[in-house]
Amino acid sequence: MPRIPTPVIAAAGLVGGYAVARWTKKRPLGGVVLAGAGAVAAREWQQVGGVKASVGLSTAYVAAFAGSHPLAKKIGAWPAVFSVAGGMAAASWAVTRGK
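Residues numbered from 1 in each chain as written. Predicted model: local features only at pLDDT ≥ 70, side-chain atom pairs only at ≥ 80, totals over all residues. Heavy atoms only, no water.

### A word on the pattern of salt bridges
- This model, assessed by the stated rule, comprises two salt bridges.
- Salt-bridge contacts for Arg-3 lead to Glu-44; the nearest nitrogen and oxygen are separated by 3.0 Å. Placement of the pair is Arg-3 in the segment before helix H1 (6–24) and Glu-44 in helix H2 (residues 27–49), with a sequence separation of 41 residues.
- For Arg-43, the salt bridge is made with Glu-44, and the minimal N-O distance between the two is 3.3 Å.
- Through salt bridges with shared partners, a single ionic network connects Arg-3, Arg-43 and Glu-44. (Salt bridge = Lys/Arg side-chain N within 4 Å of Asp/Glu carboxyl O. Helix = DSSP H or I, 4+ residues; strand = E, 2+ residues; numbered from the N terminus.)

Here is the structure:
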């Protein structure tokens, strides 16, 4: 079975978590999606890049989630979510490419 690239998992977790929270109006459910994707991505980051890569990218994932909130006040919710998801995908790709 082919693996889903970690940049896709990370970006989908951020976008999907927000989408689920917004459309269901249940923030905890969005948090489950966010955390689930983050856990899958962290496991893959560790397998591909080792512990340092996993810890660093997991920290960036949480920071992207947290950073989307103040950013949303400036540029809007969806643009903020897409911005941090793109940044997280780029960071994941940069750290794990060629490994």
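Additional details are given in the paragraphs that follow.
### Brief notes about H2
- In this model H2 runs 31 Å from its N-terminal to its C-terminal C-alpha over 23 residues, within 8% of the 33 Å that 1.5 Å per residue would give.
- For H2, the set of buried residues is Gly-30, Leu-34, Ala-37, Gly-38, Ala-41, Ala-42, Glu-44 and Trp-45.
- Contacts made by the buried residues of H2 are with H1, helix H3 (51–75) and helix H4 (77–96).
- Of the residues flanking the end of H2, it is Gly-50, one or two places downstream, whose phi is positive at about 95°. (Expected span 1.5 Å × (residues − 1). Buried < 20%, exposed > 50% of the residue type's maximum accessible area, 1.4 Å probe, protein only. Contact = heavy atoms within 4.5 Å.)

### As for H1
- Its 19 residues give H1 an end-to-end C-alpha distance of 26 Å, which sits within 8% of 27 Å, the value for a rise of 1.5 Å per residue.
- Residues of H1 that are buried include every one of Thr-6, Pro-7, Ile-9, Ala-10, Ala-11, Gly-13, Leu-14, Gly-16, Gly-17, Ala-19 and Ala-21, and no others.
- Trailing H1 by a residue or two, Lys-25 shows a phi angle of about 60°, which is positive.

### Considering the side chain of Ser-54
- Tracing the chain through its elements places Ser-54 in helix H3.
- One polar contact links the side chain of Ser-54 to the main-chain carbonyl oxygen of Ala-42, over a distance of 3.0 Å.
- Among residues more than four places away in sequence, those in contact with Ser-54 are Ala-42, Trp-45 and Gln-46. (Polar contact = N/O pair within 3.5 Å; in protein donor to acceptor, adjacent residues only side chain to side chain.)

### Thoughts on the side chain of Ser-92
- Tracing the sequence through the fold places Ser-92 in helix H4.
- The contact partners of Ser-92, leaving out residues within four places of it in the chain, are Thr-6, Pro-7, Trp-45 and Leu-57.

### Some remarks on the nonpolar core
- The biggest cluster of nonpolar side chains holds 16 residues, and the ones touching the most others in it are Ala-10, Leu-14, Trp-45, Tyr-61 and Met-88.
- Mapped onto this core, the elements with two or more residues apiece are H1, H2, H3 and H4.
- Ranked by the residues each element gives to this core, the list is headed by H2, at five residues.
- With residues up to four places along the chain from it excluded, the contact list for Tyr-61 reads Ala-10, Gly-13, Leu-14, Leu-34, Ala-37, Gly-38, Trp-45 and Met-88. (Core = buried A, V, L, I, M, F, W, Y, C linked by side-chain atoms within 4.5 Å.)

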